[in-house]
Amino acid sequence: MARTREFDTEAAVSRAMELFWARGYEATSVRDLTQHLGIGQGSLYAAFGDKDGLYRAALEHYRTTLAAAALRDLEEGADARSAIRAMLVERVRIAVEDHGRGCLAVNAACERLPQDPATRRTVRDMQDASREALAEVLRVATERGEIAARHDPYTLAGFLVTFLNGLLVSSKVTPDVRALEPLVEVALTVLD
């Protein structure tokens, strides 16, 4: 008779996300995961298939929680410039936590690509969602006259996503919001 799963998989995925985020995929062993999650190796394999399956679940959890929250905050911002500034600064603030752990999605891209097509798809989906949300905010802001209309909103959104990716990599080297925040102001000049 099969045993029922005796742990909360959603909580396990959230805790695994934190561990992968702090250490990276390669530096996190199955033993690290089972100890951190408080589950046996058999339970991990039964629930997620393997370490890679748990990693994918952790990336998906990141996408549906933290990344989705950033997009909601962006869409709820008062004016485009303030909303974009707040989103960029908040992403940097989160990235510098825990001695500069960076962004899980950017870390995944740097560590796992080009060898891991599943990670590429997940990270690309996150970046595409960010670009789409930013493009819509920029399109509306252009129509309202809040920002200059000299750039296509989709191209401008692509620039901001690319800038943010670089900023998040930089946050691992220089985990200091005060040092990185002025760079956000420079990037926002493209809206003038």
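These figures come from a predicted structure and were not determined experimentally. (Residues numbered from 1 in each chain as written. Predicted model: local features only at pLDDT ≥ 70, side-chain atom pairs only at ≥ 80, totals over all residues. Heavy atoms only, no water.)

J.: Is there a simple way to explain the packing of aromatic side chains in this structure?
T.: What describes a pair of aromatic rings is the distance from one ring centre to the other and the angle between the planes of the rings. Counted under the stated rule, the structure contains five aromatic pairs. With a centroid separation of 4.8 Å and 70° between ring planes, the pair formed by Tyr25 and Tyr55 is classed as edge-to-face. Here Tyr25 is found in the loop between helix H1 (9-23) and helix H2 (30-37), whereas its partner Tyr55 is found in helix H4 (residues 51-75), with 30 residues between them in sequence. Of the residues examined, Tyr25 reaches a relative accessible area of 11% and is grouped as buried. When the ring of Phe159 is compared with that of Phe163, the centres are 6.4 Å apart and the planes differ by 25°; the resulting orientation is stacked. Taken as a pair, Phe159 and Phe163 lie in helix H8 (residues 153-173) at a separation of four residues, close to a single helical turn. (Phe/Tyr/Trp six-rings, centres within 6.5 Å; stacked < 30°, edge-to-face > 60°. Helix = DSSP H or I, 4+ residues; strand = E, 2+ residues; numbered from the N terminus. Buried < 20%, exposed > 50% of the residue type's maximum accessible area, 1.4 Å probe, protein only.)

J.: Could you clarify how one ought to interpret H2 in this entry?
T.: Helical geometry: 3.6 residues make up each α-helical turn, so side chains three or four residues apart lie on a common side. Where H2 is concerned, the buried positions are Val30, Leu33, Thr34 and Leu37. The arc that holds every buried residue of H2, seen down its axis, measures 95°, which confines them to one face. Exposed residues pointing more than 90 degrees away from the buried face of H2 are listed as Arg31 and Gln35. Each element contacted by the buried residues of H2 is listed here: H1, helix H3 (41-48) and H4. A positive phi of about 70° marks Gly38, the residue just after H2. (Arc of directions from axis to C-beta. Contact = heavy atoms within 4.5 Å.)

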